[in-house]
Structures are given as structure tokens and as C-alpha cells.
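Inside the fold
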Amino acid sequence: MNDDASNTRDDPLVRIDGLRVAFGETTVLDGINATIEPGTFVGLVGPNGAGKTTLLRTLNGTQAPEAGTVDVAGERIPALDSKAASRLVATVPQDTAVAFEFDVRQVVEMGRNPHRSRFSGWSDADEAAVERALDRTDTEQFVDRSVSTLSGGERQRVVLARALAQETPLLLLDEPTASLDINHQVRTLELVRDLVRQGKTAVAAIHDLNLAAHYCDELLLLAGGEIRAQGSPESILTETALQEAFDANAVVSQHPVTGSVYVTALPDETAERAQGQETSRSRPERVHVVGGGGTAARHLYVLDAAGYDVSVGALNEGDTDTEAARSLALDVETVEPFAGVDPESCAAVERRIDAADCVVVADVEIGTGNLPNLRAATAADEVVLVEDRPFEERNYVGPAATEVYESLRERARVVESSDVLSAVTDAVDGSSVTDADNAAGGSLSRRPAQPGPEEPDS
Ligand SMILES: Nc1ncnc2c1ncn2[C@@H]1O[C@H](COP(=O)(O)OP(=O)(O)OP(=O)(O)O)[C@@H](O)[C@H]1O
């Protein structure tokens, strides 16, 4: 190791050099070199069996390397006894089952064991660390319950509380969101991010690439027993890297709301479709999308990746769907925000709809702004109508909107967002839509609609 005394930068908290781990004849990690700076949240990503858990286990000392070194805070981890290693590294494992019938407070108090000797009593510092950990993980409510009575997600938060009570510079998490509901996924990762902002360093194996991209400062991509890349989420999550590491056909874009890099895995049919479009068609089929407010972005990515010639609009300038369309260099008709669709834009939309083989109407709000687009869509031969939520739950619903929506719905293929590509494929291939296809969606309620603030004259 190069101990350059003139180096004024902070030493990395973690330094891994030439690490190799094998199980019997099988080498699982080989030639792993990495450094992790203090105060960084690193996401460990990679396909199943890539060695993420194994790498975490070498970092906390439970897996001995066959070759190479693993240092945390300047200490050589494999050389430390387990108590000394546990003062440096706390772990939230994938399997949070607790072998015995402990109550929650006892489990969290175990986090203090590395700091206590057989003779030292329970100190105020121990008590404060436990209370802080219970508070941060929202687990005080369970303190007197046996861990065996908790749900998987609740138990995971208790084990995170134990790791926080350990008060280590390095926190490792193996799939910390795997058994959590969406609210607790976000809360857990926000908590880790906050802890990192306060100086802790965290390394988490995370399967959900979009959560990893949103919360982590850096990603470390592990595949085939080696580190393929380490860096910012934008630099790591490229379509080529995902293809090589995961053998996955994916579109990488920017999330319309959060701005984070966003991965959409495409079904194989999308790739096949794109290939078919390239080889067998004189021109790609045209699809016009009516969207707005971020409702269309996903469809734009998927349809574009499938090889369709996609147009969209009319959309407000600055709308997240407009941004998505521009990032894909699609043909987008825009209007000034709040100006409404003027006759010129309306004619432009009608021309695109006329030229389209299929029109997709996203799960949009239905009011003054979008009504001209929806009216224009009623003239299309093939309409795919996305209904992720009932018509009545949209904003600005009123009598004029009800009338237009009903006439659209009567003739459309009504689908959820996830089925748009196959519905468009059926539409352009000419398979007929049956009443049975749409029956699952139910018919439009005829209860009086609530006029919205921007309801136009009908
Ligand atoms: N104790 C062991 N004995 C033998 N092989 C093992 C052992 N532990 C892990 N492996 C193997 O090492 C490889 C890496 O496993 P590891 O659990 O580290 O992968 P991972 O990236 O965490 O996978 P996943 O995403 O599925 O959780 C796998 O092929 C696994 O079967």
C-alpha cells in the first residue's frame, strides 16, 4: 500500500485491494479493488449471484478473503476479533430472522454489545444510543413486543435500529428495502441518506436500480465476480452496461418528476418489435400520444424503444412529458402554459392524428387544456385509452369532458399503463378489439360529473 504522507486528501474509509473470495473450487469475487470515501452512500448493484452479499460479508469480517486486503478506517478487518470489527461496521442482513424470543428493546440493546465489556455497566451513552435508534427507525411502538410477532418489514426496521445503536462509521445493508412497503422503502433510504449527510458511510446492496439511482451518491456495479464500474448513478446505469451486466434490454432516461436517472426494463417483445420495424417495414408505424403532466413519459420511452415513429401533443412548454419527448427527439407539438390549444396547434395535432396508425391517450387530467386533444383523438381509427384510475377521479371532469371521454372510450382499447405496448401492437397489426377486451375496465359511470374550475363551455 502506498502511504504517501504528503497526500492531504482524507483517507478513504474503505479500501479493498486485490480481493479474492472462493467457495471451494468456485471463485466468486476476483481482483476486486475499490475505495469508498467517508460520508458516501454507495449502492451495490448487479445481477443475482454477482457476489454482492459476499462482498458485504468480507467488509464486516464474516467472510475471510482468500487473497487481498479489506481495510475499514485504517484497520485490517480480517485481522480484528468480531467485537472490534463490530465497532467499525454494522450490518443489516438480508435475512433478519432472530433465533430466540427476544423483545424488541433487547434486540436493539444488543447493538451496544461491541462497546461494552463484561464488567462495564449499562451507561447513559448506551441508553441514549438505543433511544435514538428506536426513534429514527420508528420502532418505539414495538419495544415491548417479541420480535417473533413482528411482520418481516417491522423486523427489518428493528434490525436497522440495532445496527444504528451500534454507532459505527460504516453501515452495511443487504437488500434493505426487500420486504418493505413503498412508504417504508422511501423512509428507510431517506433515513440512510440523512445518516450519511451527518457523516456515516453506507454501502447497500439494492436490486431496485431506480431506488439506488435516486438515493445513492455512487453505484458500484458488480458482475461476473468483478467490479465493472464505480461512479455516479448516471455514469453507471447506461443501456450498454445494463445489457452487458444484466443481459437486460432497458431504456435509460431521466425520471420526469425526480430528475434521477431512470431505468425502464423492456419486455423482449419490445426488442423484437424494434428489430422487426428495422428490417421489414418500409416506414415505421406512427403512434400519436396525448398526455401531459408526466402521464405520457413512460409510453413515449417504451414506444420509441419499440421502433414506432412517435409524436406527442399538444403539451404545455415545460411539461415533464415535453421534456421526455425532447430527450428522445420526438415530434412534439407544444403550446404556452395556460394558453390553451389554439386553432393552429389544434390543426397540427389533427394532422398528426390523421397520419397516425394508432393514438394513445394517457391517463390524463381532463379539462380545458386537454379537451381539444381528446376531441381530435376521437377521429382516429385506432385508439388505445390508458385507464390506471377511474375517469371520475381525474381533475376538471365536467359534462363536456364526460361526453368526449365516453365517445373515445366506446371505440378504444382500454388498458392499464403496463399493457400499452401490446395494445398498440395489436392495433397496428389490425387485430380487432372486442367488447370482452374492454369489459374488465367497466363502463363509464354516468353519475353527474363534478364541474371543475376550468370547465369549458360545451
Ligand atoms: N457459503 C457459500 N458456499 C458456496 N457458494 C456460495 C456461498 N455463499 C455464496 N455462494 C455463491 O456465491 C455466489 C455469489 O453469491 P452472493 O449471495 O454473494 O450473490 P448476490 O450478488 O448477493 O446475489 P443475490 O442478488 O441473488 O442476492 C453465488 O453463486 C452463490 O451461490
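Right above here is the structure, for reference.
Predicted, not measured: the structure shown is a model, and the values here were computed from it.

The helix and strand inventory of the protein stands at 17 helices and 18 strands. The 458 residues of the protein split such that 43% are buried. Considering only intrachain contacts with a sequence separation of at least 6, the fraction spanning at least 24 residues in the protein is 68%.

In this section: the environment of A125. Considering the arrangement of structural elements, one finds A125 in helix α4 (residues 124-136). A125 sits in the exposed class, given 11 other C-beta atoms within 10 Å. A sequence separation of 13 residues divides A125 from R112, and the C-alpha atoms of the two residues are 9.5 Å apart.

Around the ligand lies a shell formed by F23, V28, G46, N48, G49, A50, G51, K52, T53, T54 and A205. Here the shell around the ligand takes 3 residues from helix α1 (residues 52-59), the largest share from any one element. Broken down by class, the residue content of the shell around the ligand amounts to 4 nonpolar, 6 polar and 1 charged.

Of all 5 residues making up strand β3 (residues 41-45), 5 are buried, and the element is well covered by its neighbours. With burial as the criterion, each face of β3 is covered, one bearing F41, G43 and V45 and the other bearing V42 and L44. Taken together, the 4 bridges between β3 and strand β8 (residues 201-205) define a ladder with parallel strand orientation. Among the inter-strand pairings, L44 is bridged to a residue of β8, identified as A205. In this sheet, strand β9 (residues 218-223) lies alongside β3 in parallel orientation, the contact comprising 4 bridges. Of the residues in β9, the one forming a bridge with V42 is E218.

Moving on to helix α16 (residues 420-429). Along α16, the positions that sit buried rather than exposed are V420, L421, A423, V424, T425 and A427. Looking one or two residues beyond α16, the residue adopting positive phi is G430, at roughly 85 degrees.

Here we take up unusual backbone geometry. Residue A314 is reached from G313 by a cis peptide bond, and omega for that bond is -5 degrees. In the Ramachandran plot, D138 falls in the positive-phi region, its phi being about 60 degrees despite a non-glycine side chain. Inspection of the secondary structure assignment puts D138 in the loop between α4 and α5 (152-165). The exposure class assigned to D138 is partly exposed, which follows from the 15 C-beta atoms found within 10 Å. For A329, which is not a glycine, the phi torsion comes out positive at approximately 55 degrees.

A word on the environment of V383. Relative to the elements of secondary structure, V383 occurs in strand β17 (residues 383-386). Residue classification places V383 among the buried residues on the basis of 26 C-beta atoms within 10 Å. Taking C-alpha positions, V383 is 7.2 Å from R411, a pair spaced 28 residues apart along the chain. The contact partners of V383, leaving out residues within four places of it in the chain, are V359, V361, A377, L408, R411 and A412.

A few words now on the sheet that holds strand β10 (residues 226-231). Taken together, 6 strands build an open sheet; the order of strands is β6-β7-β8-β3-β9-β10 and the sheet is mixed. Each of the sheet's edge strands pairs with one partner strand only, and the pair in question is β6 (89-92) and β10. The sheet shows a mean angle of 15 degrees between the axes of neighbouring strands, direction not considered. In terms of strand pairing, β6 meets strand β7 (residues 170-174) through 4 bridges, oriented parallel.

Reading the values: the criteria
- Residues numbered from 1 in each chain as written.
- Predicted model: local features only at pLDDT ≥ 70, side-chain atom pairs only at ≥ 80, totals over all residues.
- Helix = DSSP H or I, 4+ residues; strand = E, 2+ residues; numbered from the N terminus.
- Buried ≥ 20, exposed ≤ 12 C-beta atoms within 10 Å, placed from the backbone.
- Contact = placed C-beta atoms within 7 Å.
- Near = placed C-beta within 6 Å.
- Nonpolar A, V, L, I, M, F, W, Y, C, P; charged D, E, K, R; others polar.
- Pairing = 2+ DSSP bridges.
- Axes fitted to C-alpha atoms, helices over the stretch in contact; angles between N-to-C directions.

Don't take any of this as a statement about function, it's just geometry.
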